[in-house]
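Analysis of the macromolecular model
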Amino acid sequence: MSNEATGATNARSTGADAGNLGYLALGLTLLAYGLLSTGVLSGTGVGDAAHLAHLVGGVTLFIAGLWQLRGGEGFTGTAFTSLGSFWATWSAAGGAGKNAAGLFLLLWALLALTLTAASWGAGLFSRAVYGLLTLSLLLNAIAAFGGYSGLAKFAGWIAAVSGLTAWYWATSALSNGSWGRIALPVK
């Protein structure tokens, strides 16, 4: 998706754009991380998302970001490579203490805030994905510093909504671009 992308209206059929792949990877990783953070699935926790976060969120996002950068897409390239680095690091740092985890999440919330500001003119879905990601990371940082499990669960729900938004956006772009009509609206 280009920097001006609003979703399906800018889908390309050439296969040269990794934006949809990146938003699918981001969406699925955020959705898994968010739902596993909430405790909605009995006997699971956020640590259960580590392998998914590493492979889908880390590796796939990073590769999609490099692909975007190579194609001249500075915003999505930066977003995907940096978020790929976040997920790969998060999955590898499983045993971090609460202060280290809180600081890590707070610093990445600053990056997500930068992405939110940079995406402001790109449309509602872009603002929603990055804005909700920023809020989730900020709340998770506060929860980590203070040991507030209820706040961490709430932040998980926000991450899940951000993930659903990214997933819907990419699904809309893929299906609307291939069906030749607007099947899943994005505005």
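Residues numbered from 1 in each chain as written. Predicted model: local features only at pLDDT ≥ 70, side-chain atom pairs only at ≥ 80, totals over all residues. Heavy atoms only, no water.

What about the overall build of the protein chain?
Within the protein chain, the regular secondary structure consists of 6 helices and 0 strands. Looking at the protein chain as a whole, 45% of its 187 residues are labelled buried. Restricting the contact set of the protein chain to residue pairs at least 6 apart, pairs at least 24 apart contribute 67%. Carbon and sulfur atoms form 68% of the exposed surface of the protein chain, whose accessible area is close to 8600 Å². (Helix = DSSP H or I, 4+ residues; strand = E, 2+ residues; numbered from the N terminus. Buried < 20%, exposed > 50% of the residue type's maximum accessible area, 1.4 Å probe, protein only. Contact = heavy atoms within 4.5 Å. Areas by Shrake-Rupley, 256 points an atom, 1.4 Å probe, with all protein chains shown as cover.)

Quick notes on the packing of aromatic side chains
Working definition: an aromatic ring pair is given by the centre-to-centre distance plus the angle between the planes. Here the structure, examined in full by the defined rule, presents 13 aromatic pairs. Relative to Trp87, the ring of Tyr33 has its centre 5.4 Å away and its plane inclined at 70°; by these criteria the two rings are edge-to-face. Of the two residues, Tyr33 sits in helix H1 (residues 19–38) while Trp87 sits in helix H3 (residues 74–92), which places them 54 residues apart along the sequence. The exposure classification of Tyr33 matches that of Trp87, with both residues buried. Taken together, the aromatic side chains of Tyr23, Phe75, Phe80, Phe125, Tyr130, Tyr168 and Trp169 make up a single cluster linked through ring pairs. In this structure, Arg127 packs its charged tip against the face of Trp120, placed 5.0 Å from the ring centre. (Phe/Tyr/Trp six-rings, centres within 6.5 Å; stacked < 30°, edge-to-face > 60°. Lys NZ or Arg CZ within 6 Å of the ring centre and 35° of its normal.)

Digging into the side chain of Ser119
Residue position: Ser119 is located in the loop between helix H4 (98–118) and helix H5 (124–146). By relative accessible area, Ser119 is classed as buried at 1%. Polar side-chain contacts of Ser119 include one of 3.4 Å to the side chain of Ser126. Ignoring sequence-local partners within four residues, the contact set of Ser119 consists of Phe75, Ser126, Arg127 and Tyr130. (Polar contact = N/O pair within 3.5 Å; in protein donor to acceptor, adjacent residues only side chain to side chain.)

Observations regarding the nonpolar core
Ranked by size, the top nonpolar core spans 32 residues in total, and within it Tyr23, Leu26, Trp87, Tyr130 and Leu137 carry the most contacts. Taken together, the elements giving at least two residues each to this core come down to H1, helix H2 (50–70), H3, H4, H5 and helix H6 (149–179). When neighbours within four sequence positions are excluded, Leu137 is seen to be in contact with Phe86, Leu105, Trp108, Ala109 and Ala112. (Core = buried A, V, L, I, M, F, W, Y, C linked by side-chain atoms within 4.5 Å.)

Observations concerning a nonpolar patch on the surface
Together, Leu103, Leu106, Leu107, Leu110, Leu113, Leu138, Ile142, Phe145 and Tyr148 make up a nonpolar patch on the protein surface, roughly 790 Å² of accessible area in all. If you list the elements that add at least two residues to the nonpolar patch, you get H4 and H5. A total of 5 residues in the nonpolar patch trace back to one element, the largest contributor, which is H4. By secondary structure assignment, the location of Leu103 is in helix H4. (Patch = residues over 30% accessible without salt bridge, like charges linked within 9 Å, V, L, I, M, F, W, Y side chains within 5 Å. Salt bridge = Lys/Arg side-chain N within 4 Å of Asp/Glu carboxyl O.)

Comments concerning the environment of Thr38
Along the chain, Thr38 falls in helix H1. Once residues lying within four places of it in the same chain are set aside, the contact partners of Thr38 are Lys153, Gly156 and Trp157. Of the polar contacts made by the side chain of Thr38, one reaches the backbone oxygen of Leu35; its length is 2.7 Å.

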